[in-house]
Amino acid sequence: MITKIKQLLNTFIPEENPQFDSTLAIVCLLCEVCVADENISKEEKAVIVHSLEKLVNIEKEKASELLKVGMKEITTSTSVFDFTSQLGDLDNEARIDLIKAMWEVAYADGHLDEMEEALIRKVAALIYVNHSDFIRTKLTVNPA
């Protein structure tokens, strides 16, 4: 199944792109935040698309397609480790940008659910984002 999804992703992102292997993982982690509170809002989906445009440098239409792929993929995943384990090639700045994007998705509907925060905290630990960066990105997104 992962092979088929990677083949689909090939149509969006050239294979020689070093972030190719991590693209699906990034999409899925953002989708996981979207569904964590069991309330998928259009605002959260819009933030995911916008975040993908910035994080993986793709056009809006391709980001929208990746959102659909990510939403399907998370239904068959057993753990966020399936996705975080694919992010070993990201540098520290990219990892922090991902955590910031996850906070943006979490706050997109105007409410931070405890499940969303717990998920972001878990992902930050799994991808080795230190606690000060975890808190800093949260406060950057929502200073209240």
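Data block above holds the structure.
A.B. asks: Outline the pattern of salt bridges, listing residues and values.
C.D. replies: According to the stated counting rule, one finds four salt bridges in the structure shown. Measuring nitrogen to oxygen at the nearest pair gives 3.5 Å for the salt bridge that ties K68 to E65. Residue K68 and its partner E65 are located together in helix α4 (residues 60-74), separated by three residues, close to a single helical turn. Classification of E65 by relative accessible area gives partly exposed; the value is 34%.

A.B. asks: Summarise the nonpolar core; cite the residues concerned and give the values.
C.D. replies: With 45 residues, the main nonpolar core has I26, L30, L52, L98, I99 and M102 as its most contacted residues. The element best represented in this core is helix α2 (residues 20-36), accounting for eleven residues. The residues touching L30, leaving out its near neighbours within four places in the chain, are I48, S51, L52, L55, L98, A101, M102 and V105.

A.B. asks: Provide a residue-level description of unusual backbone geometry, including the pertinent values.
C.D. replies: Of note in this structure, E38 is not a glycine but carries a positive phi near 60°. Tracing the backbone shows E38 in the loop between α2 and α3 (42-55). Judged by relative accessible area, which is 77%, E38 ranks as exposed. The backbone of Y128 shows a phi angle near 65°, a positive value even though the residue is not glycine. Relative to the assigned elements, Y128 resides in the loop between α7 (114-126) and α8 (131-141).

A.B. asks: Could you give me a rundown of the packing of aromatic side chains, with the residues and numbers involved?
C.D. replies: A complete count under the given rule lists two aromatic pairs for this structure. Plain terms: the ring middles of W103 and F134 are 5.2 Å apart, the flat faces sit at 55° to each other, and that makes the pair tilted. Within this pair, whereas W103 is found in helix α6 (residues 92-107), its partner F134 is found in helix α8, the two being separated by 31 residues in sequence. Taking the relative accessible area as the measure of exposure, W103 reaches 0% and is therefore buried. Ring pairs connect the aromatic residues W103, Y107 and F134, which therefore count as one cluster.

A.B. asks: Describe the side chain of E44, with residues and values.
C.D. replies: Along the chain, E44 turns up in helix α3. Buried within the structure, E44 lacks any salt-bridge partner; K45 is the closest side chain of opposite charge, at an N-O distance of 8.7 Å. Ignoring any residue separated from it by four or fewer positions in sequence, one finds E44 in contact with C34, D37, N39, V105, A108, D109 and E116.

What counts as what
Within each chain, residue numbers correspond to sequence positions counted from 1 in written order. Whole-chain, interface and lining totals are the exception, using all residues; otherwise, since this is a predicted model, local features are given only for residues with pLDDT of at least 70 and side-chain atom pairs are given and counted only at 80 or more. Just so you know, side-chain values use all the structure's heavy atoms and leave hydrogens and water out. Salt bridge, as applied in this entry: a Lys or Arg side-chain nitrogen positioned within 4 Å of an Asp or Glu carboxyl oxygen. A run of H or I in DSSP counts as a helix once it spans at least four residues, and a run of E counts as a strand once it spans at least two, with each numbered from the N terminus. Partly exposed residues are those whose accessible area sits between 20% and 50% of the maximum for their type, while under 20% is buried and over 50% is exposed, using a 1.4 Å probe and protein chains only. Only buried residues count toward a nonpolar core, which is a set of Ala, Val, Leu, Ile, Met, Phe, Trp, Tyr and Cys residues joined through side-chain atoms within 4.5 Å. Contacts are assigned to residue pairs with any non-hydrogen atoms lying within 4.5 Å of each other. Each pair of aromatic rings taken from Phe, Tyr and Trp, with Trp reduced to its six-membered ring, is defined by centres within 6.5 Å and is described as stacked if the planes are under 30 degrees apart, edge-to-face if over 60, and tilted in the remaining cases. We count Lys and Arg on the positive side and Asp and Glu on the negative side, and we leave His and both chain ends out.

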